[in-house]
Amino acid sequence: MRVILLGPPGSGKGTQAKLLGQRFAMTHISTGDILRESIRQGTPLGKEAQGYMDSGRLVPDALVNDIIAERFGRPDRPGSFLMDGYPRTLNQAEAFDGVLRRAGLKLDVVLALQAPDWEIIRRISGRRICLKDQTPYHILYNPPKTPDVCDLCGGPLSQRDDDRAETVTSRLKQYHATLGGMLAFYERQHLLREVNGLGTIPEVFAACVEQLEH
Ligand code: AMP
């Protein structure tokens, strides 16, 4: 299955993406994870992206479009995938369309998680991420068994720099500013399905599964 998962920052998108990827054997592709890994490794891409990410701004379209074009241009490109955090703008959606066409792949569904801003701000303040394997946690809704330690790999948990309160507001503003054009783009292709992102992790997962199975 070939799916794009849309949703505001902090809507539980990354958590659902990992679960859905496992459930439907889809390769989970997160541009946020790719960029954070590049920053950790100090690559030229990471150096270029860091300033944008730390201040809660989107990395330029050309940079992320290149990452994705490279990933899907390789012979080992995934035939079944779940996109998490890409595309994020109409320009990226159009670029991705071209990438998929060249690769001979067709999208099945664009799932849009819905969550109001007040809930997002509440959730993001408790969010933590494993520094080693990127597993997401939440201190209230999805706590690790041992505080600040990843259940899966034992790595240390940390708050993302861009999850600080002052950057969250600007990320949300950006999300709303770029979402409309993209939603209209996928609505025209009859690919868009909306899911209420307000429940618990299993509730939202069940709602996503239902949309993907029908
Ligand atoms: P995420 O982990 O998806 O919340 O992404 C974290 C940050 O990475 C974003 O706030 C952006 O600065 C950057 N980023 C990730 N994906 C994209 C994208 N598709 N376009 C532009 N910037 C992105």
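Look up: the structure comes first, before these words.
So, here is what we can say about the structure in this document.

How each quantity is defined
Residues numbered from 1 in each chain as written. Predicted model: local features only at pLDDT ≥ 70, side-chain atom pairs only at ≥ 80, totals over all residues. Heavy atoms only, no water. Core = buried A, V, L, I, M, F, W, Y, C linked by side-chain atoms within 4.5 Å. Buried < 20%, exposed > 50% of the residue type's maximum accessible area, 1.4 Å probe, protein only. Helix = DSSP H or I, 4+ residues; strand = E, 2+ residues; numbered from the N terminus. Contact = heavy atoms within 4.5 Å. Pairing = 2+ DSSP bridges. Axes fitted to C-alpha atoms, helices over the stretch in contact; angles between N-to-C directions. Polar contact = N/O pair within 3.5 Å; in protein donor to acceptor, adjacent residues only side chain to side chain.

1. Notes on the nonpolar core
- Phe72, Phe81, Met83, Phe96, Leu107 and Tyr186 are the most contacted members of the largest nonpolar core, which totals 32 residues.
- Elements that contribute at least two residues to this core include exactly strand E1 (2-6), helix H3 (44-54), helix H4 (61-73), strand E3 (81-84), helix H5 (90-103), strand E4 (109-114) and helix H7 (165-188).
- Broken down by element, the residue count for this core peaks at 6 residues, all from H7.
- Residues in contact with tyrosine 186, not counting those within four places in the same chain, are Ile4, Pro87, Ala93, Leu107, Val110, Leu191 and Leu192.
- Residues Leu5, Phe205, Cys208 and Leu212 belong to the second largest nonpolar core, which totals 16 residues.

2. Digging into the sheet that holds strand E2 (residues 27-30)
- Across the sheet, which stays open at both edges, the 5 strands sit in the order E2-E3-E1-E4-E8 with parallel pairing between neighbours. The open sheet has two free edges, formed respectively by E2 and strand E8 (192-196), since each of these has just one partner strand. Each strand axis lies, on average, 20 degrees off the axis of its neighbour in the sheet, ignoring direction.
- When E4 meets E8, the two strands line up parallel, connected through 5 bridges. Considered in E8, the bridge of alanine 112 is made with glutamate 194.
- Sheet contacts for H7: E1, E4 and E8; angle to E1, the most-contacted strand, approximately 150 degrees.

3. Points about the side chain of serine 80
- Here serine 80 shows up in the loop between H4 and E3.
- For serine 80, a relative accessible area of 18% gives the class buried.
- Looking at serine 80, its side chain comes within polar contact range of the main-chain oxygen of alanine 25, at 3.4 Å.
- Among residues more than four places away in sequence, those in contact with serine 80 are Met1, Arg2, Phe24, Ala25, Met26 and Thr27.

4. Some remarks on the pairing of strand E5 (residues 127-130)
- Across the two faces of E5 the burial is the same, with Arg127 and Ile129 and Arg128 and Cys130 all buried.
- With 3 bridges joining them, E5 and strand E6 (residues 136-138) adopt antiparallel strand pairing. Among the inter-strand pairings, arginine 127 is bridged to a residue of E6, identified as histidine 138.
- Here 2 bridges tie E5 to strand E7 (residues 157-158), and the two strands are oriented antiparallel to one another. Paired with isoleucine 129 across the strands is serine 158, a residue of E7.

These figures come from the coordinates and say nothing about function on their own.
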